[in-house]
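# Architecture at a glance
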Amino acid sequence: MTEKKKKLSKVFDYLQYDDPYAGGLTFCAGCPLESLARFVPQVLGDDIVITGTPSCSAPVLLGQNIGTWHRMPYYGTLMTGAAANATGLARMYKRKGIKNTVVCFNGDGTASDIGFGNLSGAAERNEPFIYICYDNEGYMNTGIQRSSTTPAGARTTTSPVGRMTHGKDVTSKNLPLLMAMHKVPYAATATMSYLEDLAKKLLKAKEKKEEGFCYLHVFCPCPTGWGVPTDGSLDLCRMAVKTNFFPLWEAENGEIRFTREVNKPKPIGEYTKLIKKFEHLDEQGVARLQKDVDFNHSILMRLSGSCEQGGRHD
Amino acid sequence: MQARSEQDARIMVITGNAAAAYGAMLCRPDVVATYPITPQTEVIEKLFEFAASGELDAEMVPVEGENSAMNVVTAASMAGGRVFTATSSWGLAFMYDAMLAASGTRAPVVMVNVNRETPGIIAVSSGQQDMISTRDSGWIQLVAEDCQEILDQVLMAYRLAEDHDIQVPVMVNYDGFYLSYLAGKVEVPSKKRVSDFLAVLNEQPKRQILLPGQPLGCGTHGILQGFVELRYKHVQAMERAKAAFDAIDQEFASQFGRGYGGQIEEYRTGDADIVLVASGSMCGTIKTVVDRKREQGLPVGLVRLRMYRPFPSEKLTQVLKDRKAVGVVDRSVGFGIQGGPIYSEVCSLSAKFGGASVLSFIDGLANTDVTSDHVEQMLDLLSAAARGEPCPQVTWVCMEE
Amino acid sequence: MAPHTYFQGEGPWSDADQLMLYLDTGSWRSLRPVVDAEACIYCGLCALFCPTQCMINKGEYFLPNLEFCKGCGVCAKECPRGAIIMKPEGECDASKE
């Protein structure tokens, strides 16, 4: 056996604050959203006021009667007005001269569907808070229905697979890119397998929120809803990045920069084969998703100026 | 009444919308969320004018829709702010879920709602259907009669909403078009006098607010008896709001020289056999007709509803006792109930106030004016009812045959 | 008539100082992470990736807090040295560690 290297991962250096949550939370076993929920305050600090809406995180963010699952001040509110509520809080703290971090913590249903209007509005007005969207590609808390970030071909209970339908029949909304195109001070993508990248982006958002609106889109697979073993979510996060299905980038005032280059992207089939919600996909279905991935990536390449610097990096 | 100088108040000729905006500005809100909609838009334009001139120092949030307007002010209120927003009709409908959040979290939001017709049939015209449609939102709903009262009710609304014993959001209603764009004489008090009027709020215990570093959260799930407890408390607060509003109105009268009677205003009801129950701008017309009828020796009077929620059941029972005929004028309809919405609530009290015939009049829908002829027609029907003649229970006065 | 009193004030406020909630998520577990302390290189990836954040730093290695560990297996999967195995609860001691 080789000499043991006793050195903690440097990600620990980013965890400067206590985990404000109780030990046993209602998240499913292996849920990376639980990791994210606990990770965010350990990085961002103890000046957070968090807002949450009905979603997988609501049973945890919001208490039950006088009891609560964590020690953060929170405002539990509606999916329709998540960003507007964060706006109200942030403006009031600004007025009082209270320096703190308002975090609007929502799923993709709130961000991309029912609360998209006021998310866009808050971004346009450059409201001073951090919006974190955890993207599990659907309405998981209500039992796995499709949202506008559900990818083409994916099976959900409202995009089922049968004789007549074959999973979601339209492509997904590229929400992080839409948010970056609001030219906000900061917008970025992140995922749970690249924790240092995520931590850096959280800290950058904390810094940039002094200039205004910050958006973080965190890819957060749902083992229960997607049909993945409870220990499988991080493999998905990595593979989503390696296939360019979910590229990691950040944008300051709309200027996009990749934070993790993928030199030889793997075919999307390497990703879809890990997930039950894609198991019905035939070659054509996979090809369609590949086309979508390539298109989304080509837009990012053009916007980031990567094309001019020598074409595709793969 | 205190002696007043120019420093105490300015006399201006302004629209109802401007009066609402002055009212809000004078109360020095911390956060104002705005979204335009006819006939309310002038309120927010005026507030932005005040902000531009420096008369109003507030966080102005020009949101992308009414739903956000209500969410912004509710959350800002949770963070300890005094807040204001304004809306009308479809805008009110669009913020309905957020209104429920505001009242359920007991956020002392103050909003003006410029009454306009709502559902389905697009009508850029007056009507109280919007207010009626939000009846069960858990808000306190006030109704003003003229431009002066709009301003005054906004001031009183803050006293009521932010009262530690109440903590319920308040909606000040006034008729779109008739009052929103009508310019009238308005006494605009000084900021100092308004501060004095509101000062009592500062002496009260502090309500819970969201602050960083404190492990308090708002919007927790109400589970079983926890939910029941909060609902019960809310309902009790609504009940307390009745007497509180009467008291605030009296105090207002002593400080500003204008009193309105609290939950209801009684106009020549003393010996009246026949009483109309109405609300809003139509009451000006009704008062004129009541005067005329009185000159003719007919004992008629008016009860003006200034508070729609909580419903002034006790006051109405008292004032309608032993009349011969009572007519209720609704500027809205009740779908699937007999007669107008306010009528049906007055009827629910009739067992308590005695044997009078109670008739429903639907009038003034979609800017069909409540004319003095209409009011005469109502009083004629009520006179017939008082004589014991058979009369239709519901009359659509605004519908021409 | 008076309601049961949970809340001090008028609105739906919770207070962590008064009551912190937690679930007995340890009872969900059918597989238990068993750490080979000798093989552990103390990188802490198990602790970082553990969704319930229940891997306890023992100075030279990490051990799961079995009170809350849901048995998802992320720690075992992510361990770069294979120092954690998931063992069926039925084959484990009833004791917590």
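Rules and cut-offs
Residues numbered from 1 in each chain as written. Chains lettered and ligands numbered in written order. Predicted model: local features only at pLDDT ≥ 70, side-chain atom pairs only at ≥ 80, totals over all residues. Helix = DSSP H or I, 4+ residues; strand = E, 2+ residues; numbered from the N terminus. Buried ≥ 20, exposed ≤ 12 C-beta atoms within 10 Å, placed from the backbone. Contact = placed C-beta atoms within 7 Å. Domains from an automatic or database assignment. Nonpolar A, V, L, I, M, F, W, Y, C, P; charged D, E, K, R; others polar. Pairing = 2+ DSSP bridges. Axes fitted to C-alpha atoms, helices over the stretch in contact; angles between N-to-C directions. Parallel < 35°, antiparallel > 145°, perpendicular 65-115°, else oblique. Left-handed = near helix turned anticlockwise from the far one by under 90°.

What follows covers the overall build of chain B. Per the secondary structure count, chain B includes 14 helices and 16 strands. Seen through its C-alpha atoms, chain B measures out along the principal axes to roughly 70 × 55 × 40 Å. Burial status across chain B gives 56% buried among its 401 residues. Long-range contacts, defined here as pairs at least 24 residues apart, represent 79% of the contacts in chain B between residues at least 6 apart.

Along the backbone of chain A there are eleven helices and eight strands. By principal-axis analysis of the C-alpha atoms, chain A measures approximately 55 × 55 × 45 Å. Buried residues in chain A amount to 57% of all 314 residues. Taking contacts inside chain A between residues at least 6 apart in sequence as the whole, the part at least 24 apart equals 68%.

As a further point, take the domain arrangement of chain B. Residue and element names in this part refer to chain B. What the domain assignment lists for chain B is domain 1 (9-256) and domain 2 (264-396). Taken over C-alpha atoms, the centre of domain 1 sits 28 Å from the centre of domain 2. Each partner contributes to the interface: domain 1 provides 27 residues, whereas domain 2 provides 20 residues. Those elements that place two or more of their residues in the side of domain 1 that touches domain 2 are α6 (129-133), β6 (140-143), β7 (170-175) and α9 (225-256). Here the side of domain 1 that touches domain 2 gets five residues from one element, more than from any other, and that element is α9. Residues belonging to the side of domain 1 that touches domain 2 are distributed by class as follows: 14 nonpolar, six polar and seven charged.

Mapped onto the fold, Ala 98 of chain B is located in helix α5 (residues 96-104). For the pair Ala 98 of chain B and Ser 68 of chain B, spaced 30 residues apart in the sequence, the C-alpha separation amounts to 8.0 Å. With sequence-adjacent residues up to four places away left out, Ala 98 of chain B is seen in contact with Leu 78 and Gly 81 of chain A together with Asn 67, Met 70, Asn 71 and Thr 74 of chain B.

Our next topic: the interface of chain B and chain A. Accessible area lost upon the coming together of the parts serves often as the stated size of an interface. Taken together, the contacts link 37 residues of chain B with 33 residues of chain A. For the side of chain B that touches chain A, the secondary structure elements donating two or more residues are β3 (59-62), α3 (66-78), α5 and β9 (216-218) of chain B. At nine residues, the largest contribution of residues to the side of chain B that touches chain A is made by α3 of chain B. When the residues that make up the side of chain B that touches chain A are grouped by side-chain class, the tally is 18 nonpolar, 15 polar and four charged. Here two bridges tie strand β2 (residues 74-76) of chain A to β9 of chain B, and the two strands are oriented parallel to one another. Note on β9 of chain B: the bridge partner recorded for Tyr 74 of chain A is Gly 217 of chain B.

Time to look at the sheet that holds β2 of chain A. Read from one edge to the other, the open sheet built from ten strands follows the order β8(A)-β7(A)-β5(A)-β6(A)-β4(A)-β3(A)-β1(A)-β2(A)-β9(B)-β1(C), with strand pairing classed as mixed. The open sheet has two edge strands, β8 (255-258) of chain A together with β1 (13-15) of chain C, and neither has a second partner. Each strand axis lies, on average, 20° off the axis of its neighbour in the sheet, ignoring direction. The pairing of strand β4 (residues 130-135) of chain A with strand β6 (residues 214-219) of chain A spans six bridges and is parallel. Across the sheet, residue Cys 133 of chain A finds its bridge partner in β6 of chain A, namely His 217 of chain A.

Turning to the packing of helix α1 (residues 32-44) of chain A against helix α7 (residues 195-208) of chain A, a few remarks are in order. Residue and element names in this part refer to chain A. Here α1 crosses α7 at 55°, and the two axes come no closer than 10 Å. Taken together, the axis directions place α1 and α7 in an arrangement best described as oblique. Both α1 and α7 take part in a crossing whose hand is right-handed. Residue-level inspection shows Phe 39, Val 40, Val 43 and Leu 44 of α1 in contact with α7, the latter providing Leu 198, Ala 199, Leu 202, Leu 203 and Lys 206.

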